[in-house]
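Now for the letters of each chain:
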Amino acid sequence: MKVLIVDDEVIIRSGLSTVIRWEENGFAPLAPAASAEEALLRIPIERPDIILTDIRMTGKSGIEMAREVKAAYPETEIIVISGFDEFAYAQQAMREGVSDYLLKTSRPDEILAAARKAGERLAKRRDAERLSQAQEETVRRSRLAKLLEGGGERASGDSADDGDLWRAFPKLRLEEGGERLQVWLLQLIGGGEAEEALAIGRLGERLERELPCVWLPWRDGLLLVVKLASRRDAMLAAELAIQRVCGLSGACAFVACGLPAARPSALKEAFDTAAEAARYRWLMPEAAIVRYGDVAGRAGMRGVCKDEEEAALSAVLRAGDAEALRAYVSERMHAIRQDPQATPATAQAYLHSLLVGASRWLERASASIGQERPQPAGSAVDPGLLASQPESTLLRQLERLMAQYRDMVAGTNPVRQAIVYIHDHLDQSLSLHQVARHVHMNPNYFSEMFKRETGTNYLEFVTQAKLRRAMMLLAETPAKVSEVASRIGYEDTKYFNRLFKKFTGQTPSEYRSNC
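Across its full length, the chain carries 22 helices and 10 strands. Taken across its 515 residues, the chain has 43% of its residues classed as buried. Considering only intrachain contacts with a sequence separation of at least 6, the fraction spanning at least 24 residues in the chain is 67%. When the accessible surface of the chain is split by element, carbon and sulfur atoms take 51% of a total near 26,600 Å².

Written out as C-alpha cells, the structure is:
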C-alpha cells in the first residue's frame, strides 16, 4: 500500500520517511509532501492509500486537507500525527474522517502499528467491495443468461425489457437504427487445460476491452453478446479482434454466429441460431467461423445408409482388420463433410443407421449358428456423444461389434463358420468348393459333415437361406421383386419366382401383399 507523509517541518517528514522501515513491512512510501497544497495536487495522480499528516501547517491545515481528500477519495485512510494533545483537535479530526490520531512523541512502532491497522481496514473494505461487485456482476450475467435461454423475456416489444438490459449493460445499448446485437459462441481449440476457467475469464475480459460486448462462460469457451453496426466492415473488424485476442492466449478459436437481434426480446432466437451454427464445428473443421445464415438453407443429407454401404461395412467387420475399420470410418466421415447439404441432425441419423445396420448384421450372423442374440450395440449409443464426438464414437461402437463377432466365431466348428460365411454372401453364387475352401476342408468331407450337422444337404441349405432372406426383404423393404432376386444372387427373376412359390406356396407379390 502506498503511504504519503505530509508535514511542513523537514525534520519530521524526513524522520518519518527514513526511521520507519516501510518497505520491510509491506508499504510503498511516496516522496513526502511539504504542504497540504502540494499533497492535494499529487493525490489525484499518485493515489496514496494511507496519508500521515500534521494538523497545523503553513497554508491549509491537515484537517482541511482531510476534508477535501475524503470528499474526493472516501476510501483513503488518514492518520493525524500532531504535536497537540488536545481532545478538541482529535474530535474535529474524527469528524472529518480521520481514522487515527497520534502524537509526534509516538514511537516508530506505534506509528507503524497504526498504519498496519489502517491498511487492514482498507483491505477489508476493498475485499467487501470486490465481493459486492462480483455478486452484482454474477446477478447481471445470470439475468442475461436467462434472457438468452428465454426464461427472462417479457412480451415482445415491451420497452421495459430493453431498459433492463441497457441499465445492466450500458455498452450494449442500441443507439443508431442500423445497430444490432449478435450472439457469438466461441470455443477454444488447442489451448492448455491448466486453470482453464481462469484463462477463459481472462480471454473474456480482453474481448470486452476490444469490443462493445458482454461475455458469459459457455461450455468449453465463451458466449459473447456483441453490438455491431450494420456495416459489413464492423463484423469483419470484430472477427479480426477475436482472432487477435485468441492468438495472444496461444489458442485457435472456432466461432459460431447467430442471427442479429434488433432488441433484447430477439436475443433468444439469436442464441438458438448461434447454438445451431456451433453444431457444424465437426462438419466444417476447416472453418474458423460458421454463420447461421450460411448454413440455414441446407436441406439435409440422406439419413439412411444404402445396402451397398452396409454390405461394405459388414465385410470390414467380418475381416476383423482394425486398420481397415479405421480407414472405413475415416472415409465415411470425409464423405459426410463433403456433402454440401449435410446438417448435424441428418449426419447423426446417417451414422446411427450405420450402427444399426452393423448391429443387424451381427444379429443375423449369431442367429445363423444358433447362438444367443448379442446386445444391439448400435441402438445403445449415446446420441449426445454421437453428435459431439461422431468419429470417435462411431469407431468405438464398430470396434465393439467387431470384437463381438470375433469372439462369437472363435469357438465355432467349421460347419458353423461355413454357415456364417454363407449368410454373409447370399448375394453371390456360392459353390460347395468355395465354402469348403473358406473353412480349409476337403469338399467331399465337408459335404458329408455339413449334412450330418445340419440335417440338410449343402445346396438345399443355401437355397433355403437365400429364400428366407428374400422373405425378409419383401416384408421390410420396398425393393422390386427383380431387385430382391438380384440381392440374393438370382439374375433370372422367373427362376426366382418358381423357387419362391415352391418354398412358400405364394408368389413374391402375393407374399408381400399378405405381409
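Read on, since the account is not over.
With 12 residues, helix H21 (residues 493-504) should reach 16 Å at 1.5 Å per residue; the first-to-last C-alpha distance of 16 Å fits that figure. Burial in H21 covers these residues: Phe-496, Leu-499 and Phe-500. Seen end-on, H21 carries its buried residues on one side only, within an arc spanning 100°. Within H21, the exposed residues directed more than 90 degrees away from the buried face are Lys-494, Arg-498 and Lys-502. Taken together, the buried residues of H21 touch helix H19 (458-476), helix H20 (481-487) and helix H22 (508-514).

Right, let's talk about the pattern of salt bridges for a bit. In the structure shown here, the tally under the stated rule is 26 salt bridges. Its salt-bridge partner being Glu-276, residue Arg-279 comes within 3.3 Å of it at the nearest N-O pair. Look at the salt bridges and you will find they share partners, linking Asp-7, Glu-9, Asp-54 and Lys-104 into a network.

Turning our attention to unusual backbone geometry. In this model, Arg-47 sits at a positive phi of 45°, which is unusual for a non-glycine residue. Here the phi dihedral of His-440 falls at roughly 60°; this positive angle occurs in a residue that is not glycine. Along the polypeptide, His-440 turns up in the loop between helix H17 (432-438) and helix H18 (443-454). Note on His-440: relative accessible area 73%, which makes it exposed.

Conventions and cut-offs
- As a convention, each chain's residues are numbered from 1 in the sequence order in which they are written.
- This being a predicted model, a pLDDT of at least 70 is required before a residue's local features are given, and a value of 80 or more before pairs of side-chain atoms are given or counted; all residues contribute to the totals for chains, interfaces and linings.
- Side-chain descriptors were evaluated using all non-hydrogen atoms of the structure, hydrogens and water having been removed beforehand.
- Counting from the N terminus, the helices are DSSP H or I runs at least four residues long and the strands are E runs at least two residues long.
- Classification of residues uses two cut-offs on accessible area relative to the type maximum, computed with a 1.4 Å probe and protein chains only: under 20% is buried, over 50% is exposed, and between them is partly exposed.
- Residues are treated as being in contact if the distance between any of their heavy atoms lies within 4.5 Å.
- Here the accessible surface of atoms and residues is derived via Shrake-Rupley with a 1.4 Å probe, and residues count as covered only by protein chains that are part of the display.
- Expected helix span is given by 1.5 Å per residue-to-residue step, counting one fewer step than there are residues.
- It is the directions from the helix axis to the C-beta atoms whose arc is reported.
- By definition here, a salt bridge exists when the distance from a side-chain nitrogen of Lys or Arg to a carboxyl oxygen of Asp or Glu is within 4 Å.

Everything listed is a geometric property; what it means functionally is a separate question.
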